Amino acid sequence: MDSQTKTEDCLGWAARDPSGALSPYKFSRRPLGSDDVSLKITHCGVCYADVIWSRNKNGDSMYPLVPGHEIAGVVKEVGSNVCRFKVGDPVGVGTYVNSCRDCEYCNDGVEVHCVKGSVFTFNGIDEDGTVTKGGYSSYIVVHERYCFRIPSNYPLASAAPLLCAGITVYAPMMRHNMNHSGKSLGVIGLGGLGHMAVKFGKAFGLHVTVFSTSISKKEEALNLLGADKFVVSSDQEQMKGLSKSLDFIVDTASGNHPFDPYMSLLKISGVYVLVGFPSEVKFSPASLNMGSMRTVSGSITGGTKVTQEMIDFCAAHNIYPQIEVIPIQYANEALERLIKRDVKYRFVIDIENTLK
């Protein structure tokens, strides 16, 4: 179908330029294919990626840009070959909506690492050459492979942040065997990702220590999220007292910070996982190999297999992100507050009731 004749029946909010200011925008989605699911979006989480690309921080934004890659909703239509979903099913869509489906990583269910590159849910180029548009919109059409079943008893508003914040920490925690009860975990940073790392750590039976630059987060870390210990990372005495005490560290901080002080807290053969994006990573080789056998690992989101596993785990263990539900009309303010880290701990847009 010629793009000029498509019906612009999808309502969204888009940024038109690097100011990142979002406003209403009508556009067309691709026609439903035989393997596609069309879902009515009910909720969309607000991720820092929405700030980065709406404001062209990476220099590759394609406008108009509709952000949002923490999507939850309900199936409204399925293609003729779709067998995993039916109309009315609650579903989620995460950070990517396509991949080559043929490389070793796709075949192993880790499509996020597709050799040819996974197609981002927004600001990506899909196989038909169109620019993908995200979840700040009324509906989306996605190949069924990249859709996730959300258990009927799990609230859709809570499910949305799992699709990026949740899986970003769950995937490396599982990969590095952090689900062993009795071990010790350090979590650096207490934002959207960090608070989920704490929740997963406690569900796995770990002894969890939260590290933050802000003493103001102590009470919520211990009482709201259930962490076992809270440490102000600038307190050298506190840090020194934890030397070689942790089996794992999950670092969610994207601001620049020193790495050696945290590396010294790991036990022999401890694992340090970085999921944040500081501008540089710098540590002494001695922190890594002098009598320590430590491992440093990076991670982004996760493949379809581990993402579905995480959603099911959250539903089975009553793990819910701490969210602040907002109307779409508040999206610009929410992004400003996110930049200032003024959110506990994830904004979720109520698309269903406010996008008109």
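The structure this text deals with has already been given above.
Residues numbered from 1 in each chain as written. Predicted model: local features only at pLDDT ≥ 70, side-chain atom pairs only at ≥ 80, totals over all residues. Heavy atoms only, no water.

A. Spotlight on the packing of aromatic side chains. Overall, the coordinates contain 13 aromatic pairs when judged by the stated rule. Between tyrosine 154 and tyrosine 320, the aromatic rings sit 5.0 Å apart at their centres with planes inclined by 25°, giving stacked as the arrangement. Taken together, the residues tyrosine 154 in the loop between strand 9 (147-149) and helix 3 (156-159) and tyrosine 320 in the loop between helix 10 (304-316) and strand 16 (323-326) connect sequence positions 166 residues apart. Residue class for tyrosine 154 comes out buried when judged on its relative accessible area of 4%. Measuring from ring centre to ring centre gives 6.4 Å for phenylalanine 200 and phenylalanine 313, while their planes differ by 50°; the resulting arrangement is tilted. Taken together, the residues phenylalanine 200 in helix 5 (residues 192-203) and phenylalanine 313 in helix 10 connect sequence positions 113 residues apart. Phenylalanine 200 gets classed as buried once you look at its relative accessible area, which sits at 0%. Assessed through its relative accessible area of 15%, phenylalanine 313 is described here as buried. The ring of tyrosine 139 is capped by lysine 76, whose NZ or CZ atom sits 3.8 Å from the centre of that ring. (Phe/Tyr/Trp six-rings, centres within 6.5 Å; stacked < 30°, edge-to-face > 60°. Helix = DSSP H or I, 4+ residues; strand = E, 2+ residues; numbered from the N terminus. Buried < 20%, exposed > 50% of the residue type's maximum accessible area, 1.4 Å probe, protein only. Lys NZ or Arg CZ within 6 Å of the ring centre and 35° of its normal.)

B. Structural context of the packing of helix 4 (residues 165-175) against helix 10. Packing of helix 4 against helix 10 brings their axes to within 10 Å, and their N-to-C directions diverge by 105°. Considered as vectors, helix 4 and helix 10 are oriented roughly perpendicular to each other. For the pair helix 4 and helix 10, the contacting residues are Gly166, Ile167, Tyr170, Ala171 and Met174 in the first and Val306, Thr307, Glu309, Met310 and Phe313 in the second. When grouped by side-chain class, the residues that make up the contact of helix 4 with helix 10 number seven nonpolar, two polar and one charged. (Axes fitted to C-alpha atoms, helices over the stretch in contact; angles between N-to-C directions. Parallel < 35°, antiparallel > 145°, perpendicular 65-115°, else oblique. Contact = heavy atoms within 4.5 Å. Nonpolar A, V, L, I, M, F, W, Y, C, P; charged D, E, K, R; others polar.)

C. Quick peek at the side chain of threonine 307. Take threonine 307: it is sitting in helix 10. Taking relative accessible area as the criterion, threonine 307 reaches 3% and is therefore assigned buried. With residues up to four places along the chain from it excluded, the contact list for threonine 307 reads Phe148, Leu163, Ile167 and Gly302.

D. Expanded view of empty space enclosed by the protein. One pass over the structure, following the stated rule, counts one cavity of 30 Å³ or more. Each pocket or cavity is described by its volume, and for the largest cavity that value is around 60 Å³. Taken together, Gly94, Thr95, Tyr96, Tyr146, Phe148, Leu163, Ile167, Thr301, Gly302 and Thr307 form the lining of the largest cavity. When grouped by side-chain class, the residues that make up the lining of the largest cavity number five nonpolar, five polar and no charged. (1 Å grid on protein atoms, 1.4 Å probe; cavity = no way out; pocket = protein on both sides within 12 Å on 5 of 7 lines; lining within 4 Å. Points joined across faces, edges and corners; volume = space filled by probe spheres on them.)

E. Representation of the state of the cysteines within the structure. Inspection of every chain in the model, using the stated rule, returns zero disulfides. Free of any disulfide, cysteine 106 has its nearest cysteine sulfur in cysteine 103, 3.7 Å distant. Not engaged in a disulfide, the cysteine cysteine 314 finds its nearest cysteine sulfur in cysteine 164; these two sulfurs lie 14 Å apart. With relative accessibility at 0%, the residue cysteine 314 sits in the buried group. (Disulfide = S-S within 2.5 Å.)

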